[in-house]
Amino acid sequence: METGRFYVLPPLPYGTKDLEPFISEEQLEIHHDKHHQGYVNGANAILKKLQNAREEDVDVDVKASLKALSFNIGGHILHSLFWPSLAPSSEGKEKPGGVLGNTIDKEFGNFERFKKEFSQAAVSVEGSGWATLAFCKQTNRPIIMQIEKHNTNIYPTFRILMVLDVWEHAYYLDYKNARGKFVDAFWNIVNWNTVNKRLEKLLK
Ligand code: MN
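Reading the values: the criteria
- Residues numbered from 1 in each chain as written.
- Predicted model: local features only at pLDDT ≥ 70, side-chain atom pairs only at ≥ 80, totals over all residues.
- Heavy atoms only, no water.
- Helix = DSSP H or I, 4+ residues; strand = E, 2+ residues; numbered from the N terminus.
- Expected span 1.5 Å × (residues − 1).
- Polar contact = N/O pair within 3.5 Å; in protein donor to acceptor, adjacent residues only side chain to side chain.
- Donors = N, O, S within 2.8 Å, 3.2 Å for Na, K, Ca; no water.
- Buried < 20%, exposed > 50% of the residue type's maximum accessible area, 1.4 Å probe, protein only.
- Core = buried A, V, L, I, M, F, W, Y, C linked by side-chain atoms within 4.5 Å.
- Domains from an automatic or database assignment.
- Contact = heavy atoms within 4.5 Å.
- Arc of directions from axis to C-beta.
- Phe/Tyr/Trp six-rings, centres within 6.5 Å; stacked < 30°, edge-to-face > 60°.
- Patch = residues over 30% accessible without salt bridge, like charges linked within 9 Å, V, L, I, M, F, W, Y side chains within 5 Å.
- Areas by Shrake-Rupley, 256 points an atom, 1.4 Å probe, with all protein chains shown as cover.
- Salt bridge = Lys/Arg side-chain N within 4 Å of Asp/Glu carboxyl O.
- Lys, Arg positive; Asp, Glu negative; His and termini not counted.
- Charge placed at Lys NZ, Arg CZ, Asp CG, Glu CD.
- Pairing = 2+ DSSP bridges.
- Axes fitted to C-alpha atoms, helices over the stretch in contact; angles between N-to-C directions.

**A word on helix α2 (residues 62-85)**
Then comes step 1: Between its terminal C-alpha atoms α2 stretches 34 Å, which fits the 34 Å expected from 24 residues at 1.5 Å a residue.
Then comes step 2: Of the residues that open α2, the one with a side-chain oxygen 3.4 Å from the backbone nitrogen of lysine 63 is aspartate 61.

Structure, rendered in structure tokens:
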């Protein structure tokens, strides 16, 4: 990913039609090109505002600025993790393998139990938010982290392996208000290879 002094929208790692029929081209384009871009722009605007205020040595509303910055950076980072968490429909596998498969079995008993708990976390997010599979380095255990908005209920320093966006903007064009149907569809396009690699990297 490109790095620099400001945030940059990463390109999608597949074509805009590649997630069909689970996520339509129109839904994916709006989500990536408009919503994700909006968080990138929002975060950069606040960084610039803080920078200008420092240069001119004037006060800003620090509390409001940092709250908005947390929201927009959270949105950017989570979306940047989300796109590679998905795989083209043609490449979908039902279950994770490798160290990820073993880690899930050890923690949750079996994959079906994990899938059920993760789906319940996703469906029950209050308002807008995310279901994520995160990993704690202190305990070496995976944990389902249910994030409200982009930045509430997060465990500091836990590494995120997999994310599912359940903001209405992620599914409304395809599924209307039926979040559960979108969550069911998600399981067809999880990129288990990427999620497994994220865990392998952490365990090294
Ligand atoms: Mn989103």
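After presenting the structure, the write-up continues.
**So, the coordination of the manganese ion**
Then comes step 1: Protein coordination at the manganese ion: the donors are His31 (NE2), His79 (NE2), Asp165 (OD) and His169 (NE2), at 1.9 to 2.1 Å from the metal.
Then comes step 2: Mapped onto the polypeptide sequence, the residues donating to the manganese ion form the spacing pattern H-x47-H-x85-D-x3-H. Each member of the pair, aspartate 165 together with histidine 169, is buried.

**With respect to the nonpolar core**
Then comes step 1: If you look at the biggest cluster of nonpolar residues, it comprises 49 residues, and the most contacted ones within it are Phe114, Phe118, Leu133, Met162, Leu164 and Trp187.
Then comes step 2: There are two domains that each give this core at least three residues, and those are domain 1 (25-85) and domain 2 (98-203).
Then comes step 3: Leave out the neighbours within four places in its chain, and leucine 164 touches Phe82, Phe118, Ala122, Gly129, Trp130, Ala131, Phe182, Val183 and Phe186.

**Here's the deal with helix α7 (residues 192-203)**
Then comes step 1: Compared with an ideal rise of 1.5 Å per residue, which puts 12 residues at 16 Å, α7 spans 16 Å between its outermost C-alpha atoms and is within 8% of the ideal.
Then comes step 2: Where α7 is concerned, the buried positions are Trp192, Val195, Asn196, Arg198, Leu199 and Leu202. Relative to the axis of α7, the buried residues are bounded by an arc of 155° and lie together on one face.
Then comes step 3: If you follow the buried residues of α7, they end up packed against α2, α3 (98-108), α4 (111-123), β1 (129-136) and β3 (159-165).

**Things to note about the packing of aromatic side chains**
What characterises a pair of aromatic rings is the spacing of the ring centres plus the angle enclosed by the ring planes.
Then comes step 1: Evaluation of the coordinates by the stated rule reveals 18 aromatic pairs.
Then comes step 2: An angle of 55° between the planes, with centres 5.0 Å apart, marks the rings of phenylalanine 108 and phenylalanine 114 as tilted. A single burial state applies to phenylalanine 108 and to phenylalanine 114, both of which are buried.
Then comes step 3: Their ring planes at 65° and their centres at 5.2 Å tell us that phenylalanine 186 and tryptophan 187 sit as a pair that is edge-to-face.
Then comes step 4: One aromatic cluster is present, built from ring pairs that chain together Phe108, Phe111, Phe114, Phe118, Phe186, Trp187 and Trp192.

**Focus on a positive patch on the surface**
Then comes step 1: Together, Lys137, Arg159, Lys201 and Lys204 make up a positively charged patch on the protein surface.
Then comes step 2: Among the residues examined, lysine 201 registers a relative accessible area of 67% and is labelled exposed.

**Concerning the sheet that holds strand β2 (residues 141-148)**
Then comes step 1: Taken in spatial order, the three strands of this open sheet run β2-β1-β3, and their pairing is antiparallel. With partners counted over all chains shown, the strands left at the sheet margins are β2 and β3, one partner each. Recorded for the sheet is a direction-independent mean angle of 20° between the axes of neighbouring strands.
Then comes step 2: Where β1 and β2 come together, eight bridges link them in antiparallel fashion. Following the sheet pairing, threonine 132 is matched in β2 by methionine 145.
Then comes step 3: Across the sheet, α4 lies against β1, β2 and β3, angled at about 135° from β1, the strand it touches most.
Then comes step 4: Of the strands in this sheet, β1 and β3 are in contact with α7, which crosses β3 at around 155°.

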